[in-house]
Amino acid sequence: MKGMVYKDLLLVRKNLLLYLLMGLFFAMTLGGPAVSGMMGACFIALPVSMFSMDKTSCWESYALSLPGGRRGMVGARYAAAIAIIVMGGIYTVILSALFSFGMEESLVSALFILFILCIMLPMLYRYGVNHVGAIVAAAIGLFVFVFYFMVSSEVTEFLIKNALVVLALAAPAALYLSYRVSCAVVEEMEY
C-alpha cells in the first residue's frame, strides 16, 4: 500500500509544486480568503488528476493483481488524497502566519476540502473522471460560495471557531463512511 500512495504522490508532484507557487503568489497579492479558497480548489483537483492518470494508464488492472487488492487500492488513494490535503492545510497555515491573515480560516478550509473529498471520491469511483466533471465543478463552486459567505459575514470569527470544532470532530466519521462506500463501489466494478 505504501508503494501505491507513493505512486499517487509522484503523479501529482509537478501540479502540487505549481499550486504551492500559485498560493505564494496569491498570498503576496490578494491575502487570506483568496488564498484559502484558491488552495482549496487546487487541492480538490489533485485527486481528480490522480484518477485521470490512472485511467489513462489502465493502472487499476495492475493494482488488482497486487496483494492489497481492491480495498488496498482504495485505501492507498484515500491515504494519498488525505496526505495532499494535510500538506495543503499546513502550507496554507504557514502562509497565513507569514502574511498575517487568519489561521482559523485556513484550518476550516482544509477540513471543508476533506468533506468535499469524502463526497467526491466515491462518485469518482462510481462514475469515473469523465462523468464527474459537473459534480466536481459543483463541489468546488459550493466550497467557494460557502467559504466566501463565511468570510464576508459579520459573525465570521464565531462561525469559524465553531466550524473548526464541528468539522474536526466529524472528519474521521465522514472519512470512514466515504471509504466504506468507495470500497463497496469498487467491489462491484469490473476492470
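This report concerns the structure included in the present document. Residue numbers here run from 1 along each chain, matching the order of that chain's written sequence. Residues qualify for local features only when their pLDDT is at least 70, as the model is predicted, and side-chain atom pairs are given and counted only at 80 or more; totals for whole chains, interfaces and linings, by contrast, use all residues. Water and hydrogen atoms were dropped before computing side-chain values, which therefore reflect all heavy atoms in the structure.

Attention now moves to the side chain of Lys7. Each helix corresponds to a stretch of at least 4 residues labelled H or I by DSSP, and each strand to a stretch of at least 2 residues labelled E; elements are numbered beginning at the N terminus. Within the secondary structure layout, Lys7 lies in helix α1 (residues 2-11). Each residue is placed in one exposure class: buried if its accessible area under a 1.4 Å probe, protein chains only, is under 20% of its type's maximum, exposed if it is over 50%, and partly exposed if it falls in between. On the basis of relative accessible area, Lys7 is assigned to the buried category, the value being 17%. Distance and chemistry together define a polar contact, namely a pair of N or O atoms within 3.5 Å, with one atom able to donate a hydrogen and the other to accept it when in protein, and with adjacent residues in sequence counting only for side-chain atoms on both sides. Polar contacts involving the side chain of Lys7 include one to the side chain of Asp54, which spans 2.9 Å. If sequence neighbours within four positions are ignored, Lys7 has contacts with Asp54, Trp59 and Arg77. What makes two residues a contact is simply this: any of their non-hydrogen atoms within 4.5 Å.

Attention now moves to the packing of helix α2 (residues 13-29) against helix α5 (residues 69-98). Two numbers describe how α2 lies on α5: the axes approach to 11 Å, and their chain directions differ by 25 degrees. Judged on the interaxial angle alone, α5 and α2 are roughly parallel. Regarding α2 and α5, the two cross each other, and that crossing is right-handed. When α2 is examined against α5, the residues Leu16, Leu20, Gly23, Leu24 and Ala27 are found in contact with a partner set consisting of Met87, Tyr91 and Leu95. When its residues are assigned to classes, the contact of α2 with α5 shows 7 nonpolar, 1 polar and no charged. Every axis in this analysis is a line fitted to C-alpha atoms, fitted for helices over the stretch in contact. Angles between the N-to-C directions lie between 0 and 180 degrees. What sets the label is the angle itself: under 35 degrees gives roughly parallel, over 145 gives roughly antiparallel, 65 to 115 gives roughly perpendicular, and the rest give oblique. The sense of a crossing depends on the near helix, which, turned anticlockwise from the far helix by less than a right angle, makes the crossing left-handed and, turned clockwise, makes it right-handed. All amino acids are sorted into three groups, where Ala, Val, Leu, Ile, Met, Phe, Trp, Tyr, Cys and Pro are nonpolar, Asp, Glu, Lys and Arg are charged, and the leftover types, Gly among them, are polar.

With that settled, consider the pattern of salt bridges. Whenever Lys or Arg places a side-chain nitrogen within 4 Å of a carboxyl oxygen from Asp or Glu, that contact is recorded as a salt bridge. Applying the stated criterion across every chain, the model contains 4 salt bridges. Counted as one network, the salt bridges with shared partners bring together Lys7, Asp8, Asp54 and Arg77.

Turning our eyes to something else, we now look at a nonpolar patch on the surface. Only residues above 30% relative accessible area that lack a salt bridge enter a patch, with like-charged residues linked at up to 9 Å and the nonpolar side chains Val, Leu, Ile, Met, Phe, Trp and Tyr linked at up to 5 Å. To measure how exposed things are, a 1.4 Å probe is used in the Shrake-Rupley method; for residues, cover is taken only from the protein chains shown. Where nonpolar side chains cluster on the molecular surface, the patch consists of Leu24, Phe25, Met28, Val86, Ile90, Ile94, Leu98 and Phe99 and spans about 750 Å² of accessible area. For the nonpolar patch, the secondary-structure elements that each account for two or more residues are α2 and α5. The element that contributes the greatest number of residues to the nonpolar patch is α5, accounting for 4 residues. Within the secondary structure, Phe25 is located in helix α2.

What follows concerns the environment of Met120. Assignment of secondary structure puts Met120 in helix α6 (residues 103-127). For Met120, a relative accessible area of 2% corresponds to the buried category. Residues Met120 and Pro47, 73 residues apart in the sequence, show an inter-C-alpha distance of 9.3 Å.

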